[in-house]
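Examination of the molecular architecture
Spelled out, the chains give:
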There are 2 protein chains.
Amino acid sequence: LPLSEKKLIARVRRNIGRLAGKRGLVTGIGDDCAVLRIPSGHETLVTTDFSLEGIHFRRDWHPPGVVGHRCLTRGLSDIAAMGGEPVAAFLSLALPAKLPQRWVDGFLEGFLELGRKSGVPLAGGDTAESPSGILADIVVVGSVPRGKAILRSGARVGDGIYVSGELGASAAVIDTLRRQPGKKLRAVDFPRHFYPRPRIELGRALREKGLATAMIDISDGLSTDLAHLCEESGVGARVEREMIPCAMIGDAGEAQLDFALHGGDDYELLFTAPPGKRVPAQIAGVPITQIGHITRGKNVVLITKGAGVLLEPRGWEHFQS
Amino acid sequence: LPLSEKKLIARVRRNIGRLAGKRGLVTGIGDDCAVLRIPSGHETLVTTDFSLEGIHFRRDWHPPGVVGHRCLTRGLSDIAAMGGEPVAAFLSLALPAKLPQRWVDGFLEGFLELGRKSGVPLAGGDTAESPSGILADIVVVGSVPRGKAILRSGARVGDGIYVSGELGASAAVIDTLRRQPGKKLRAVDFPRHFYPRPRIELGRALREKGLATAMIDISDGLSTDLAHLCEESGVGARVEREMIPCAMIGDAGEAQLDFALHGGDDYELLFTAPPGKRVPAQIAGVPITQIGHITRGKNVVLITKGAGVLLEPRGWEHFQS
């Protein structure tokens, strides 16, 4: 067992003590299972996501607190994309034997800080020694009123296609780091990459207002995630190049469009709404932009100055070269 | 993304198709989250467990189907230890780039076969490329009637201590494999190690009969798991050496007692019951043996021919040398 397991468990126990009971957690770490109370009339949501060193983060680019924050963001963003409320998080961590304890402490700081902000206790998990590299697997359990989860499969021909916030900032930061080996970027200066905020309040508001017919989070890149939504709904899409809200970070010029189209790890929400519904320009404090509409068929087409080309899913493949 | 991801997802989708709706699964893979319906008046159980190459299994000792079976067993056994019913499983798999597809197929065969036998659909998960070695993280979600989960913390002074089945068989097999490098054991000849059956029906029966005051599964070894139960309950224990049901596998003699006391991966249940309750010799088809009773204080004592020694938790540390 890794040296840090006892310390990890002690931290988790203290965290549980502060948050237990607040959001439906009956029993946390220290038993064979965590026991959660999902509100009656609600369904249970479950999502799992890896955060692997060399694939999803690099120790020379990402401070430990950033890795912890982004690890939990991946799970919370999936709950947001269903219009759900997070209830509890579970963390499985495989750590190399020689990893400094301060790295684990920093990781947990970042993880637990986002948990506190989001009202989500860390309710359990597992630890083990990793043969090489840091491996985290995050599980988030949430709830949503019965039958009200916003699925990927609900988009209908004619629906408008909307995104929250701006796209491409995270990929632009990675591009900068890749082009300038050894360069350090201060995490606070590039929060969209280092501290992405899962859009939980926005997802909940869209569900409560009954605005969205389908939804997905943009974790793999707009082109790939829109393709997923269209595939599950059995529809196509037209996206207007001029309407895509590109983030104003990184190199200027056309590259920005590629980051916005194919860059991953933005954790914004992509949703569709019926043509008759008025969608506010801002919901839960987040700007909302229409980027196109749902069409018959299966093709996703990008329109630039009136001319259309097929938009291939070329989403983010993280840091693999 | 690993080559096998598409194939994995296709397999999982087919599996979902067969099992969806049967046990509360509303939506499985193909959305941001799985949607589960927990029966009203029930609480939700969540458990996560790693199965790591070199720690929990070895490719030269364990065929892929065995690794898949044992991976799911780890999760189901935790649900059993709460007296719960499994609802759905989630599998996160990080695989080396060069792993043969037939290994993944074999792993899933073993995993899904136990899922079918246990009525538990594979409802989602994640896949990624592993920098070294196979890493699986299993999440099982279950349910239990509200307030009826059998915790580790309920043991009271005077309660009898009971175990199901026989102990030590799994450790005896590992000992044989370790002593005779290159030796292959046929999995069907040693089912307690290669195909352990999670005690779901037994756990449920103990909860329904109201027999158990506290319960834990024996995954780390009797000495360690009994120590956990005593610590959570704030009690001590006396265990009678002659009453421990040692499995009749492996070398003869005293070594067998060490396997039964400290060997992990047995996946039997350890529980306590009030002194006045009659505990049947067999429940849900599984033999039940009283091995001692709960005492005041914090010590766990092993009694051999009337003399007591402290039983230190020396539970299974898997295959780490």
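One can find the structure itself at the top, above this paragraph.
Throughout what follows, the structure given in this document is the object of discussion. (Residues numbered from 1 in each chain as written. Chains lettered and ligands numbered in written order. Predicted model: local features only at pLDDT ≥ 70, side-chain atom pairs only at ≥ 80, totals over all residues. Heavy atoms only, no water.)

What follows concerns the overall build of chain A. The number of helices and strands found in chain A is 8 helices and 14 strands. By residue count, 62% of the 321 residues in chain A fall in the buried class. In chain A, the proportion of contacts linking residues at least 24 apart, taken out of those at least 6 apart, comes to 83%. When the accessible surface of chain A is totalled, it reaches about 12,400 Å², and 50% of it is carbon and sulfur. (Helix = DSSP H or I, 4+ residues; strand = E, 2+ residues; numbered from the N terminus. Buried < 20%, exposed > 50% of the residue type's maximum accessible area, 1.4 Å probe, protein only. Contact = heavy atoms within 4.5 Å. Areas by Shrake-Rupley, 256 points an atom, 1.4 Å probe, with all protein chains shown as cover.)

Residue and element names in this part refer to chain A. Of note in this structure, D265 is not a glycine but carries a positive phi near 65°. Inspection of the secondary structure assignment puts D265 in the loop between α8 (255-262) and β10 (268-273). For D265, a relative accessible area of 2% puts it in the buried group. A positive phi angle, near 60°, is found at Y267, a position not held by glycine. For Y267, the location among the structural elements is in the loop between α8 and β10. Taking the relative accessible area as the measure of exposure, Y267 reaches 2% and is therefore buried.

Right, let's talk about the packing of aromatic side chains for a bit. According to the stated counting rule, one finds 8 aromatic pairs over all chains in the structure shown. Ring geometry for F57 of chain A versus W103 of chain A: centroids 6.4 Å apart, planes at 25°, classification stacked. Of this pair, F57 of chain A sits in the loop between β3 (42-52) and α2 (64-80) while W103 of chain A is found in helix α3 (residues 101-118), placing the two residues 46 residues apart along the sequence. In this structure, F57 of chain A and W103 of chain A share a single accessibility class: buried. When the centroid spacing of 6.2 Å and the interplanar angle of 25° are considered together, the rings of F107 of chain B and F111 of chain B count as stacked. Taken as a pair, F107 of chain B and F111 of chain B lie in helix α3 (residues 101-118) at a separation of 4 residues, close to a single helical turn. Note on accessibility: F107 of chain B and F111 of chain B belong to one class, buried. In this structure an aromatic cluster arises from ring pairing among F57, W103, F107 and F111 of chain A. When the ring centre of W61 of chain A is taken as origin, the NZ or CZ atom of R58 of chain A, which lies over that ring, is 3.8 Å away. (Phe/Tyr/Trp six-rings, centres within 6.5 Å; stacked < 30°, edge-to-face > 60°. Lys NZ or Arg CZ within 6 Å of the ring centre and 35° of its normal.)

For the rest of this paragraph, the subject is the sheet that holds strand β4 (residues 85-95) of chain B. Strand-to-strand pairing in sheets goes through backbone hydrogen bonds, with the strands running parallel or antiparallel. With mixed pairing, 6 strands are arranged side by side in an open sheet as β1(A)-β2(A)-β3(B)-β6(B)-β4(B)-β5(B). If you trace the sheet from one side to the other, it starts and ends with β1 (25-27) of chain A together with β5 (122-129) of chain B, each paired once. Direction aside, neighbouring strands of the sheet carry axes that sit 20° apart on average. As paired elements, β4 of chain B and β5 of chain B share 7 bridges and run parallel to each other. Residue pairing across strands places F90 of chain B opposite G124 of chain B, the latter belonging to β5 of chain B. (Pairing = 2+ DSSP bridges. Axes fitted to C-alpha atoms, helices over the stretch in contact; angles between N-to-C directions.)

Here we come to the sheet that holds strand β2 (residues 34-36) of chain B. Read from one edge of the open sheet, 6 strands run β5(A)-β4(A)-β6(A)-β3(A)-β2(B)-β1(B), paired in mixed fashion. The two strands at the open ends of the sheet, each matched to only one other strand, are β5 (122-130) of chain A together with β1 (25-27) of chain B. The average angle at which neighbouring strand axes cross in this sheet is 20°, direction not considered. Of the strand pairs in this sheet, strand β4 (residues 85-96) of chain A and strand β6 (residues 135-145) of chain A are connected by 9 bridges, and their pairing is antiparallel. The residue bridging E85 of chain A from the neighbouring strand is S143 of chain A, located in β6 of chain A. With respect to the sheet, α3 of chain A is in contact with β4, β5 and β6 of chain A, its orientation differing from that of β4 of chain A by roughly 175°.

Turning to the relation of the copies chain B and chain A, a few remarks are in order. Aligned on chain A, chain B shows an RMSD of 0.0 Å; the corresponding rotation is 180° and the shift along the axis is 0.0 Å. Here the copies are linked by what is in effect a two-fold axis. A share of 100% of interface residues in chain B that are also interface residues in chain A marks the association as one of identical surfaces. (Least-squares fit on C-alpha atoms with pLDDT ≥ 70 in both.)

Attention now goes to the interface of chain B and chain A. Contacts between the two partners involve 53 residues from chain B and, on the opposite side, 53 residues from chain A. It is D32, V46 and F50 of chain B in chain B that bury the most area against chain A; as a group they hold 16% of the surface buried on that side. Between the two partners, chain B and chain A, sit 6 salt bridges. The shortest N-O distance in the salt bridge between D32 of chain B and R152 of chain A comes to 3.4 Å. Scanning the region where chain B abuts chain A turns up 20 residue pairs in polar contact (both at pLDDT 80 or more). Going through the elements one at a time, β1, β2, β3 (42-52), α2 (64-80), β4, β5, β6 (135-145) and β8 (214-218) of chain B are the ones with two or more residues in the side of chain B that touches chain A. (Buried area = accessible area lost by both parts, 1.4 Å probe. Salt bridge = Lys/Arg side-chain N within 4 Å of Asp/Glu carboxyl O. Polar contact = N/O pair within 3.5 Å; in protein donor to acceptor, adjacent residues only side chain to side chain.)

Honestly, that's just the spatial picture; any functional story needs more than this.
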